Amino acid sequence: EAYGLDKPFLVFKTSYSPDKTANIIKYAEKYNGAVIPYFIMSYYDDMYDTLLPNRGALIEENKRTKKEYDVGFYANLKPLKAPKFDKVETDVAWTDFQYFGVGCGEPNGYFEITTRKRLHDKLKESKFKFAHKTKVPYRQFLSDSFKWKVCVSPAGCGEYTPRMLEHAALGQAVVIRKNSYDNAISYKGAFKEIDFDGEGWEKELQEVVDNYEEWGRKAKTYYDEVYDPKKMVEYLLDKVKEYESLFMLNRRADD
C-alpha cells in the first residue's frame, strides 16, 4: 500500500526467467500482485516498418540466396554497461530509484559486459566460416544474413536480442546462448541454445550448420504459430480472466 498497490495486479513479463525474474516475483507478491510469463517483443522499428510488410518477398530472397558463411551475427563489440545493485535495496539496481523510488539511489557504478566480444572471438578463431560487421543499414543486414546458414542472436545486457525474432520470421536457423529465459509458449526446440563456454559448443553448432534448413523451418513454424497478434492478445486476456477468477475465489474463502 505504500506504493499505492492495494489492488491485485498482474505483470506480464517479457524475457521471463524463473531464476532471473525471482526478485520481480518477490516484490510483486509482496504488494498483492503476480508475474506472468509473456513474449519477448522486438524493439526495432525496422522490423515493423521494413521486415513485416515485406516478409513474403524477403523469405523468398532468403531461399534463393547462396549460403557463403556457416554462421554470422552483426553487432557492436564495445563493452556494454549495466548498473550495479543499490547500496540499500540490494535486490534492485541503484538506477531503479529514479523510476520506482526503490532503494537509496546513491550512484554505485556499472558492470562492464563483454559477452559479445568474447563470442565474436570464439567464432572468429573457430573452424566455422564466420560473418561479422558492427553496423550496416537494416536492409543490407537482412540481405547479408541470407548468406549465413546459421544466425546467432548475440547476448547483450540480456541473454539475446530480438534479432532472433527477425531471423525466425524469415525462416532462418536461430542460435542463442544457453540460458534460463523463455517465452510464455516455449521457444526451446525451435531455437538452438548453446553453451559457448562449454567444451562441446563447436560440435553442437556444427549440428545446426549441417541441418540449417530444418532449423530454419522450425524457427519459422514457431514464429507463425506463436507470434500471431490475435493469439498473443487472447493469451493475455485469458490470463487476466484466470487470475481474476482466482482472486474472487480467494476473497470469498477469506470472507
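For the structure itself, look to the data block above.
The text that follows walks through the structure, step by step, so that each part is easy to find. (Residues numbered from 1 in each chain as written. Predicted model: local features only at pLDDT ≥ 70, side-chain atom pairs only at ≥ 80, totals over all residues. Heavy atoms only, no water.)

A separate point is the overall build of the chain. Counting secondary structure elements, the chain contains ten helices and nine strands. For the C-alpha atoms alone, the extent of the chain along its principal axes is close to 65 × 40 × 35 Å. Out of the 255 residues belonging to the chain, those deemed buried represent 42%. Across the chain, contacts joining residues at least 24 apart in sequence account for 68% of those joining residues at least 6 apart. Summing over all exposed atoms, the chain offers an accessible surface of approximately 14,500 Å²; the carbon and sulfur share of this is 50%. Between the mean site of the 41 positive side-chain charges and the mean site of the 42 negative ones, the chain shows a separation of 5 Å. (Helix = DSSP H or I, 4+ residues; strand = E, 2+ residues; numbered from the N terminus. Buried < 20%, exposed > 50% of the residue type's maximum accessible area, 1.4 Å probe, protein only. Contact = heavy atoms within 4.5 Å. Areas by Shrake-Rupley, 256 points an atom, 1.4 Å probe, with all protein chains shown as cover. Lys, Arg positive; Asp, Glu negative; His and termini not counted. Charge placed at Lys NZ, Arg CZ, Asp CG, Glu CD.)

Our focus in this paragraph is the pattern of salt bridges. Summed over all chains, the structure comprises 14 salt bridges. Its salt-bridge partner being Lys-117, residue Asp-121 comes within 2.8 Å of it at the nearest N-O pair. Here Asp-121 and its partner Lys-117 are both found in helix α5 (residues 115–125), four residues apart, which amounts to about one turn of the helix. Look at Lys-117 and you get partly exposed, because its relative accessible area is 37%. Two residues, Lys-133 and Asp-144, come together in a salt bridge whose shortest N-O distance is 3.9 Å. Taken together, the residues Lys-133 in the loop between β6 (130–131) and α6 (138–145) and Asp-144 in helix α6 connect sequence positions eleven residues apart. Note on Asp-144: relative accessible area 12%, which makes it buried. One connected set of salt bridges, linked through shared partners, spans Arg-55, Lys-220 and Asp-224. (Salt bridge = Lys/Arg side-chain N within 4 Å of Asp/Glu carboxyl O.)

So, about the nonpolar core. With 36 residues, the main nonpolar core has Leu-51, Leu-142, Met-164, Tyr-187, Phe-191 and Tyr-227 as its most contacted residues. Residue assignment for this core shows that the elements contributing at least two residues are α2 (45–51), α3 (55–64), α6, β7 (148–152), α7 (163–169), β8 (173–177), α9 (212–226) and α10 (229–254). Ala-75, Leu-123, Phe-128 and Trp-201 belong to the second largest nonpolar core, which has 19 residues in total. (Core = buried A, V, L, I, M, F, W, Y, C linked by side-chain atoms within 4.5 Å.)

Once that is clear, we can look at the pairing of strand β3 (residues 69–72). Both β3 and β7 contribute to a ladder of three bridges, which runs parallel. Bridge assignment links Val-71 to a residue of β7, and that residue is Val-150. With two bridges joining them, β3 and β6 adopt parallel strand pairing. What sits directly across from Gly-72, in β6, is Ala-131. (Pairing = 2+ DSSP bridges.)

The next thing to look at is the environment of Thr-221. With respect to the secondary-structure elements, Thr-221 resides in helix α9. The spatial distance from the C-alpha of Thr-221 to the C-alpha of Ala-169 is 8.6 Å, given a sequence separation of 52 residues.

This brings us to the sheet that holds β6. Across the sheet, five strands lie side by side as β6-β3-β7-β8-β9; this open sheet has parallel pairing. The open sheet has two edge strands with one neighbour each: β6 and β9 (192–194). In the packing of α9 onto the sheet, the strands contacted are β7, β8 and β9, and the crossing angle to β8 comes to about 80°. (Axes fitted to C-alpha atoms, helices over the stretch in contact; angles between N-to-C directions.)

A few words on unusual backbone geometry. Even without glycine at this site, Ser-15 takes up a positive phi of about 50°. Within the fold, Ser-15 resides in the loop between β1 (9–13) and α1 (22–30). Of note, the phi angle at Asn-32 is positive, near 75°, even though the residue is not glycine. Given a relative accessible area of 38%, Asn-32 falls into the partly exposed group.

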